[in-house]
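Single-letter residue listing:
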Amino acid sequence: MNLDHIRYFQAIAYYEHYGRAAQALHVSQPNLNYAVTQLENELGVPLFEKHGRGVQLTRYGRLFLQSVNESLRILDAGTRDLQEMGRGGGLVLLGGIRKLAAQTVPDLMQKFLATSGNEHTRFELHTESSFTADLLQAVAEERLDMAFVSHPGDDTVFENVAFARSPFVVVTPPNHPLAQKSSVTLRETLPYPFVYFSKRGGLRRLIDALFQKIGATPKIAYETEEDTVVAGMAAAGFGIAIVPDHPVLRCMDLKIIPLTDPDPGRTAYLCRKRGALQPAAAQRFFAFCQAQLSQGASL
């Protein structure tokens, strides 16, 4: 089945007239007649029937036109994407845990697009799975070009760029005994029940590591996955919690207390698969992020 013949068929269906279609396509009318004949012979059904001085689609033609329109749409979109890549533009597929995808990643995208030569780049930012393990798997399978995550991937598989994030804080209801303190050590939290991150979440192992540093185990009363849910349950009095410091906490009925010992500083990572074939725009964006994040930008 000849691609030109398919495009000729689409044009005849649009104009419902061989002559006008030939004019629009800058081809001779006999070429159109030949193309339709070839298609009808291959498909084994008539595609057009005479209608006055023009033609109209048969029922078979209408069905075929639906497939033709969709197929050519996909083909043309793919062609445009490849041409954009060849010009240094194209589509960059990003993933991110939600807290990074809410501010850090959009800030980096905006700054990148404002840089000369990058204005033709397009982004897709995926957060439907906000778990680091799922995002790293998508990068490994090349469904994403890169991802912003809470812990690094295997160094033999991924190129990992570390950058600093806002620290952990302790949050309590306003009437909690710890709420009167201006800062708190992790050991001071041990007598109290915790709303804690579930094992599936990437933050769980980071907070576990803090407790391991002091050789202690928290009293876990409840577990859940999202940090805003953890903070919300703490505000409702189900326990205290350790969460990343974030402006959204100021909108909740919480006391936010700096955690001073052990050092609650955190690290996040930008990861891409080693050796993966990526469009030039994705390569430039990764290098741009490396430079920006090393300066502490957009955190």
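Residues numbered from 1 in each chain as written. Predicted model: local features only at pLDDT ≥ 70, side-chain atom pairs only at ≥ 80, totals over all residues. Heavy atoms only, no water.

So, the overall build of the protein
Quick note on the threshold: The numbering of helices and of strands both runs from the N terminus, where a helix is a DSSP run of H or I of at least 4 residues and a strand a run of E of at least 2. Each radius of gyration is computed over the set of C-alpha atoms, and the globule rule expresses the reference value as 2.2 Å times the number of residues to the power 0.38. Three labels apply to residues, based on accessible area from a 1.4 Å probe with only protein chains included: buried if under 20% of the type maximum, exposed if over 50%, partly exposed otherwise in between. Between two residues, a contact is recorded if the distance between any of their heavy atoms is within 4.5 Å. What sets the accessible areas is the Shrake-Rupley method with a 1.4 Å probe; for residues, cover comes only from the shown protein chains.
Tallying secondary structure elements over the protein gives 10 helices and 13 strands in all. Over its C-alpha atoms the protein spans a radius of gyration of 29 Å, topping by over 25% the 19 Å that the globule rule assigns to 299 residues. Summarising its shape, the C-alpha atoms of the protein cover approximately 90 × 35 × 30 Å along the three principal directions. Counting across all 299 residues of the protein, residues that qualify as buried make up 43%. Contacts in the protein between residues at least 24 apart in sequence constitute 72% of all its contacts with a sequence separation of at least 6. Approximately 15,600 Å² of the protein is accessible, and the part contributed by carbon and sulfur atoms is 51%.

Some thoughts on the sheet that holds strand 8 (residues 184-185)
The condition is simple: At least two bridges found by DSSP between two strands is the condition for calling them paired. Angular values range over 0 to 180 degrees, each being the angle between N-to-C directions of two axes fitted as lines to C-alpha atoms, with helices fitted over their stretch in contact.
Taken in spatial order, the 4 strands make up an open sheet running 8-12-7-11, and their pairing is mixed. Lying at the two open borders of the sheet, with one neighbouring strand each, are strand 8 and strand 11 (241-244). As paired elements, strand 7 (residues 168-172) and strand 11 share 4 bridges and run antiparallel to each other. Bridging from a neighbouring strand, Val171 pairs with Ala241 of strand 11. Along the sheet, helix 8 (residues 202-213) makes contact with strand 7, strand 11 and strand 12 (255-261), crossing strand 7 at roughly 90 degrees.

A few points about the pairing of strand 2 (residues 54-57)
Taken residue by residue, a regular strand's side chains alternate between the two faces of the sheet. As judged from the 4 bridges shared by strand 1 (residues 48-51) and strand 2, these two strands associate in the antiparallel manner. Bridging from a neighbouring strand, His51 pairs with Gly54 of strand 2. Where strand 1 folds back onto strand 2 in an antiparallel hairpin, the turn is made up of 2 residues, including Gly52, whose phi is positive at roughly 65 degrees.

Thoughts on unusual backbone geometry
The omega torsion of the bond from Asp261 to Pro262 falls at 0 degrees, within 30 degrees of zero and hence cis. The phi dihedral of Glu142 falls on the positive side, at around 65 degrees, and the residue is not glycine. Relative to the helices and strands, Glu142 resides in the loop between helix 7 (132-140) and strand 5 (146-149). When its relative accessible area of 43% is taken as the criterion, Glu142 is described as partly exposed.

Structural notes on the sheet that holds strand 3 (residues 90-96)
Sheet strands pair via backbone hydrogen bonds, and the direction of the pair is either parallel or antiparallel. One open sheet accounts for 5 strands, arranged 4-3-5-13-6; its pairing is mixed. The sheet is open, and its two edges are formed by strand 4 (121-126) and strand 6 (158-165), each paired on a single side. Averaged over all pairs of adjacent strands, the angle between strand axes in this sheet comes to 20 degrees, irrespective of strand direction. Pairing between strand 6 and strand 13 (residues 266-273): 8 bridges, direction antiparallel. Residue pairing for strand 13: Arg165 is matched across the bridge by Arg266. In the packing of helix 6 (residues 104-113) onto the sheet, contacts are made with strand 3, strand 4 and strand 5, and the angle to strand 4 comes to roughly 175 degrees.

So, the pattern of salt bridges
Our working definition: Note on definitions: salt bridges are taken to be side-chain nitrogens of Lys or Arg within 4 Å of carboxyl oxygens of Asp or Glu.
In the structure shown here, the tally under the stated rule is 11 salt bridges. Glu142 is the partner of Lys273 in a salt bridge, and the nearest nitrogen-oxygen pair spans 3.2 Å. Taken as a pair, Lys273 in strand 13 and Glu142 in the loop between helix 7 and strand 5 lie far apart in primary sequence, 131 residues in all. Overlapping salt bridges bring together Arg204, Asp208 and Glu223 as one network.

Some words on empty space enclosed by the protein
Spelled out, the test is: A pocket here means an open set of points on a 1 Å grid, computed over the protein atoms alone, that has protein on both sides within 12 Å along at least five of seven lines. A cavity is instead a set of points where a 1.4 Å probe fits but cannot get out; residues with an atom within 4 Å of a point line either one. Grid points are joined across faces, edges and corners, and a volume is the space filled by probe spheres set on the points. Basically, the charged four are Asp, Glu, Lys and Arg, the nonpolar ten are Ala, Val, Leu, Ile, Met, Phe, Trp, Tyr, Cys and Pro, and anything else, Gly included, counts as polar.
Within this structure, the stated rule accounts for 1 cavity of 30 Å³ or more. Considered as a void within the structure, the largest cavity measures approximately 40 Å³ in volume. Forming the walls of the largest cavity are Lys99, Asp227, Thr228, Ala231, Val243, Pro244, His246, Val248 and Leu249. Contributions of two or more residues to the lining of the largest cavity are made by helix 9 (227-235) and strand 11. Among the elements that take part in the lining of the largest cavity, helix 9 stands out by supplying 3 residues, more than any other. Grouping the amino acids of the lining of the largest cavity by side-chain chemistry returns 5 nonpolar, 2 polar and 2 charged.

Concerning the packing of aromatic side chains
The condition that has to hold: Two aromatic rings from Phe, Tyr or Trp, using only the six-membered ring of Trp, form a pair when their centres are within 6.5 Å; if the ring planes differ by under 30 degrees the pair is stacked, by over 60 it is edge-to-face, and anything between is tilted.
Scanning the model with the defined rule gives 12 aromatic pairs in all. Taking 5.4 Å as the distance between ring centres and 50 degrees as the angle between the ring planes, the aromatic pair formed by Phe9 and Phe48 counts as tilted. Placement of the pair is Phe9 in helix 1 (residues 3-15) and Phe48 in strand 1, with a sequence separation of 39 residues. Look at Phe9 and you get buried, because its relative accessible area is 0%.

Observations concerning the side chain of Arg204
Our working rule: Here a polar contact means two N or O atoms within 3.5 Å. Within protein one must be a hydrogen donor candidate and the other an acceptor candidate, and residues neighboring in sequence count only if both atoms are side-chain atoms.
Looking at where Arg204 falls in the secondary structure, it is placed in helix 8. Classification of Arg204 by relative accessible area gives buried; the value is 8%. Separated by 3.5 Å, the side chains of Arg204 and Glu223 make a polar contact. Other than its neighbours up to four places away in sequence, Arg204 contacts Tyr196, Phe197, Ser198, Lys199, Ile220 and Glu223.

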